[in-house]
Amino acid sequence: MVVGCALLASCGGKQEQLPDWSQIPVTNVTGIEYKINNDFFYFINPLQVYGDNIGIGNVYSGIYNYGVAQFRGDSAVMIEGICRRGQGPGEFIYASFGVKNDSTLLIMSKDGSGPRAIFEIPLNPYPDMNYKTWTQYDMDKIKQKDGTGLKISGNDFIYLGDSKILFTGTPYSEENHIFTILDYKTQKYTALDYWPEDEYEGPDAPKNFFYMINSKLLNSGKRFAYQCGEGQFAFIFEIDGKKVKVIRTLFDKKAKYRAKEDNRNYGVKHTNFLRLAANDKYICAMPLEKNIDGEKKGDWLECRYGNEIYVFDWDGNPVKHLMLDHIGMAIGMLQKENTLLLTEENKEGNTSIWRYQLD
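Anyway, here's the lowdown on the structure attached to this text. These numbers were taken from a predicted model, which means no experiment stands behind them.

Parameters and conventions
Residues numbered from 1 in each chain as written. Predicted model: local features only at pLDDT ≥ 70, side-chain atom pairs only at ≥ 80, totals over all residues. Heavy atoms only, no water. 1 Å grid on protein atoms, 1.4 Å probe; cavity = no way out; pocket = protein on both sides within 12 Å on 5 of 7 lines; lining within 4 Å. Points joined across faces, edges and corners; volume = space filled by probe spheres on them. Helix = DSSP H or I, 4+ residues; strand = E, 2+ residues; numbered from the N terminus. Nonpolar A, V, L, I, M, F, W, Y, C, P; charged D, E, K, R; others polar. Core = buried A, V, L, I, M, F, W, Y, C linked by side-chain atoms within 4.5 Å. Buried < 20%, exposed > 50% of the residue type's maximum accessible area, 1.4 Å probe, protein only. Polar contact = N/O pair within 3.5 Å; in protein donor to acceptor, adjacent residues only side chain to side chain. Contact = heavy atoms within 4.5 Å. Pairing = 2+ DSSP bridges. Salt bridge = Lys/Arg side-chain N within 4 Å of Asp/Glu carboxyl O. Phe/Tyr/Trp six-rings, centres within 6.5 Å; stacked < 30°, edge-to-face > 60°. Axes fitted to C-alpha atoms, helices over the stretch in contact; angles between N-to-C directions.

### Examining empty space enclosed by the protein
Link 1 in the chain: For the structure on display, the rule yields one cavity of 30 Å³ or more.
Link 2 in the chain: Volume-wise, the largest cavity comes out at about 40 Å³.
Link 3 in the chain: Taken together, P287, E289, K290, Y305, G306, N307 and E308 make up the lining of the largest cavity.
Link 4 in the chain: For the lining of the largest cavity, the element with the most residues is strand β28 (residues 306–312), which contributes three residues.
Link 5 in the chain: A per-class count over the lining of the largest cavity returns two nonpolar, two polar and three charged.

### Some details on the nonpolar core
Link 1 in the chain: Counting residues in each nonpolar core, the largest one holds 22 residues, and the members touching the most others are L166, F179, Y211, Y226 and F237.
Link 2 in the chain: Every element with two or more residues in this core is listed here: β18 (179–183), α1 (204–212), β21 (223–227) and β22 (232–240).
Link 3 in the chain: Grouped together as the second largest cluster of nonpolar side chains are 18 residues, A277, Y282, L324 and L340 included.

### Digging into the side chain of K216
Link 1 in the chain: In this structure, K216 sits in strand β20 (residues 216–220).
Link 2 in the chain: Polar side-chain contacts of K216 include one of 2.8 Å to the side chain of D156.

### Observations concerning the environment of P171
Link 1 in the chain: If you trace the backbone, P171 turns up in strand β17 (residues 164–171).
Link 2 in the chain: Taking the C-alpha atoms as reference, P171 lies 40 Å from L322; in sequence the two are 151 residues apart.
Link 3 in the chain: Residue contacts for P171: discarding those within four places in its chain leaves G149, L150, T180, Y189 and A191.

### A few points about the sheet that holds strand β32 (residues 351–357)
Link 1 in the chain: Pairing within the open sheet is antiparallel, and its four strands lie in the order β4-β32-β31-β30. The outermost strands of the open sheet, each flanked by one partner alone, are β4 (32–33) and β30 (330–334).

### Topic: the pattern of salt bridges
Link 1 in the chain: If you walk through the whole model with that rule in mind, you get 16 salt bridges.
Link 2 in the chain: The partner of K254 in a salt bridge is D252, and the shortest N-O contact between them spans 2.7 Å.
Link 3 in the chain: Under the relative-accessibility criterion, K254 is labelled partly exposed at 25%.
Link 4 in the chain: A relative accessible area of 28% places D252 in the partly exposed class.
Link 5 in the chain: Between E289 and K296 there is a salt bridge, with its nearest N and O atoms 3.5 Å apart.
Link 6 in the chain: Each of K151, E175 and R264 takes part in a single network of salt bridges with overlapping partners.

### Some points on the packing of aromatic side chains
Link 1 in the chain: This structure, assessed with the given rule, holds 28 aromatic pairs.
Link 2 in the chain: Ring centres of Y137 and Y184 lie 5.2 Å apart, and the angle between their planes is 65°; on these two criteria the pair is classed as edge-to-face. With Y137 in strand β14 (residues 135–138) and Y184 in the loop between β18 and β19 (188–191), this residue pair connects regions lying 47 residues apart in the sequence.
Link 3 in the chain: Classification of Y137 by relative accessible area gives buried; the value is 18%.
Link 4 in the chain: Relative to Y266, the ring of F209 has its centre 5.6 Å away and its plane inclined at 65°; by these criteria the two rings are edge-to-face.

### Digging into the sheet that holds strand β12 (residues 104–111)
Link 1 in the chain: Spatially, the four strands line up as an open sheet ordered β11-β12-β13-β14, and their pairing is antiparallel. Unpaired on one side and paired on the other, β11 (94–101) and β14 mark the two borders of the sheet. Averaged over all pairs of adjacent strands, the angle between their axes in this sheet comes to 20°, without regard to strand direction.
Link 2 in the chain: Across four bridges, strand β13 (residues 114–122) lies against β14 in antiparallel orientation. Pairing of I118 across the sheet is with Y137, part of β14.

### Observations regarding α1
Link 1 in the chain: Most of α1 sits inside the fold, with seven of its nine residues counted as buried.
Link 2 in the chain: Where α1 is concerned, the buried positions are A205, P206, K207, N208, F210, Y211 and M212.
Link 3 in the chain: Next to the buried residues of α1 lie β15 (150–152), β17, β21, β22, β24 (256–259) and β25 (266–269).
Link 4 in the chain: The first or second residue beyond α1 is N214, which carries a positive phi of 60°.

### Some words on the pairing of β25
Link 1 in the chain: Two strands pair when backbone bridges link them, and β24 and β25 are joined in this way by four bridges, in the antiparallel orientation. Paired with Y257 across the strands is V268, a residue of β25.
Link 2 in the chain: From the end of β24 to the start of β25, which pair antiparallel, there are six residues, and N263 there has a positive phi angle of about 60°.

### Topic: the environment of P125
Link 1 in the chain: Here P125 lies in the loop between β13 and β14.
Link 2 in the chain: Separated by 18 residues in sequence, P125 and I107 have C-alpha atoms that sit 16 Å apart.

### What to know about unusual backbone geometry
Link 1 in the chain: We note that C83 has phi near 60°; this positive angle belongs to a residue other than glycine.
Link 2 in the chain: Within the secondary structure, C83 sits in strand β9 (residues 75–85).
Link 3 in the chain: Looking at C83, the relative accessible area reads 1%, which means it is buried.

In structure tokens:
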């Protein structure tokens, strides 16, 4: 993929220059494989990596939705399953994750009508999965009812302090936004003033859904990065009151979509996807443009893999352009080390995790 110096229109009508990679040489890098201690581990979607290199990811299990592992030396060691499937105490239908600090994990319990509760879970250093030790904040005031409440998407959210979180989602009454700040103790929320520019013409709800579904949020302090779940669209931003200030657009290859007959959902002409990961120093982006054999051929359904990594600083400047020696479908980053994680899945469905030192 070429991320050239094309110009694009910003929200203010000015021309913004995309990052220019022509002066950054491509560096071939060799990864080191983590030894995975059992087949229970399936780190296809690295949701969070925090604290002492503790990670949360999807697992193969009829009991749990996710698992906790520690990246220790040359091993990825599964510690325990978390988010037991179900609707009883300490059980989850769907979940989103955030980190309050090194001693507290946040999990949002969700169902089809929106958020059910947010839990503060002690870390010692692993999540204490005895739900009797959790602090629970019910979301009864903001569940969807008669067109009111919050709609929430994405697997992660950002803790802002003072019980406030940032997530991709909006009130049903303000669907011409994609970001919201929620105080989970008071259940008060504010939709932020940002609405992406594109060629779509139609009702707000399908566009809102398009930019929220499978999206990702990352941060370094008070600077944030957003990745759209469709196409290849990502940018760095800051928040000023209710306004979103775009600092730098990293990718601007949006998929084309349309409203379905219900005027709630969207249909999309699928294109290649993008994956983002970050720590406090770097943002790493991996376009998914290759098939499992590492070839740029086939349709979007086949080309769900990548090994070309664009590394940015948090001002959006190009820093490194890497070509990994393995083909993967997801990336993550260790927070206390400048280490990139790549999840590789072979044709037999087996998973490997490779690490690449960025510095």
